[in-house]
Amino acid sequence: MRRARPGALPRGTGERALTSVEAGADFDQARNRATDRTTEGTTETPAARAAAEERPVSKLWHITLSVSGVESPLQEVRRGLEQLAHDHPFLLTSRYANDHAEIRYWEEARDLHDAAAVALRLWGEHRQTAKLPPWEIVGLEVIDRETYHQRIAEGYGPPPAAPVGVHPY
């Protein structure tokens, strides 16, 4: 599944588009599935129930990606992050300085490994198309939705994100 606005092609020449794990229609349903659930008056067959149980369940993961490197002009950093937000419409917020940035967003994936793999490709795959600085990933945090909300509720979670968009530190 390509992560971009419908119909939009990646900018640049032949660059690979960022891909993600296909979630499917089971995102919220799998957790609540009962063994004797009925659908419109018909009971699921054992074969249908077994197939549904084998299907991987997708979850939402909160991603915080930190990048850093040599200083770049602030205007270029901001423009690159804005282009990244345009190319990757699931970006929540970005904070930046002339030598580092932090990107936060939600990713849908089967497990932490898949979410982390997609997150680790984000910067590199969009470096040329969004004209991002040649920085390296220096930090990655991947937490599930429940942990994220628990942290916020207990007051010790990540600092509240700036309003959606690209903002200086």
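Analysis parameters
Residues numbered from 1 in each chain as written. Predicted model: local features only at pLDDT ≥ 70, side-chain atom pairs only at ≥ 80, totals over all residues. Heavy atoms only, no water. Core = buried A, V, L, I, M, F, W, Y, C linked by side-chain atoms within 4.5 Å. Buried < 20%, exposed > 50% of the residue type's maximum accessible area, 1.4 Å probe, protein only. Helix = DSSP H or I, 4+ residues; strand = E, 2+ residues; numbered from the N terminus. Contact = heavy atoms within 4.5 Å. Pairing = 2+ DSSP bridges. Axes fitted to C-alpha atoms, helices over the stretch in contact; angles between N-to-C directions. Salt bridge = Lys/Arg side-chain N within 4 Å of Asp/Glu carboxyl O. Polar contact = N/O pair within 3.5 Å; in protein donor to acceptor, adjacent residues only side chain to side chain.

The next point concerns the nonpolar core. Nonpolar side chains tend to gather and get buried jointly when the protein is soluble and globular. Counting residues in hydrophobic clusters, the biggest one holds 23 residues, and the most contacted among them are Ile63, Leu81, Leu84, Ile103, Tyr105, Leu122 and Trp123. Only β3 (59-68), α2 (74-87), β4 (91-96), β5 (100-109) and α3 (112-126) provide two or more residues apiece to this core. If one sorts the elements of this core by residue count, α3 sits on top with five residues. If we skip the residues at most four places from it in the chain, tyrosine 105 touches Trp61, His62, Ile63, His88, Phe90, Leu91, Leu92, Ala119 and Leu122.

Before going further, it helps to spend a moment on the sheet that holds strand β7 (residues 165-168). The strands that make up a sheet are held in pairs by hydrogen bonds between backbone atoms, and each pair lies either parallel or antiparallel. Strand order in the open sheet formed by five strands is β6-β3-β5-β4-β7, and the pairing between neighbours is mixed. Edge positions in the sheet fall to β6 (136-144) and β7, since each of these pairs with one other strand and no more. Sheet twist, expressed as the mean angle between neighbouring strand axes with direction ignored, is 15°. Taken together, the four bridges between β4 and β7 define a ladder with parallel strand orientation. What sits directly across from serine 94, in β7, is valine 166. Strand contacts of α3: β3, β4, β5 and β6, with the helix running at about 150° to β6, the strand carrying the most contacts.

The next point concerns the pattern of salt bridges. Applying the stated rule across the entire model yields seven salt bridges. Close ionic contact of arginine 78 with glutamate 82 constitutes a salt bridge, the shortest N to O distance being 2.9 Å. Of this pair, arginine 78 and glutamate 82 both sit in helix α2, four residues apart, which is roughly one turn of the helix. Among the salt bridges present, the one from glutamate 141 reaches arginine 151, with a minimum N-O distance of 2.7 Å. Of this pair, glutamate 141 sits in strand β6 while arginine 151 sits in helix α4 (residues 145-154), and the two are 10 residues apart along the sequence. For glutamate 141, a relative accessible area of 24% gives the class partly exposed. Among the ionic contacts, a cluster of salt bridges with common partners joins Arg95, Glu102 and Arg104.

Right, let's get into unusual backbone geometry. Phi at lysine 131 takes a positive value of approximately 55°, unusual for a residue other than glycine. Here lysine 131 lies in the loop between α3 and β6.

Before going further, it helps to spend a moment on the side chain of arginine 104. For arginine 104, the location among the structural elements is in strand β5. Reaching out from arginine 104, the side chain makes a polar contact with the side chain of glutamate 102 at a distance of 3.2 Å.

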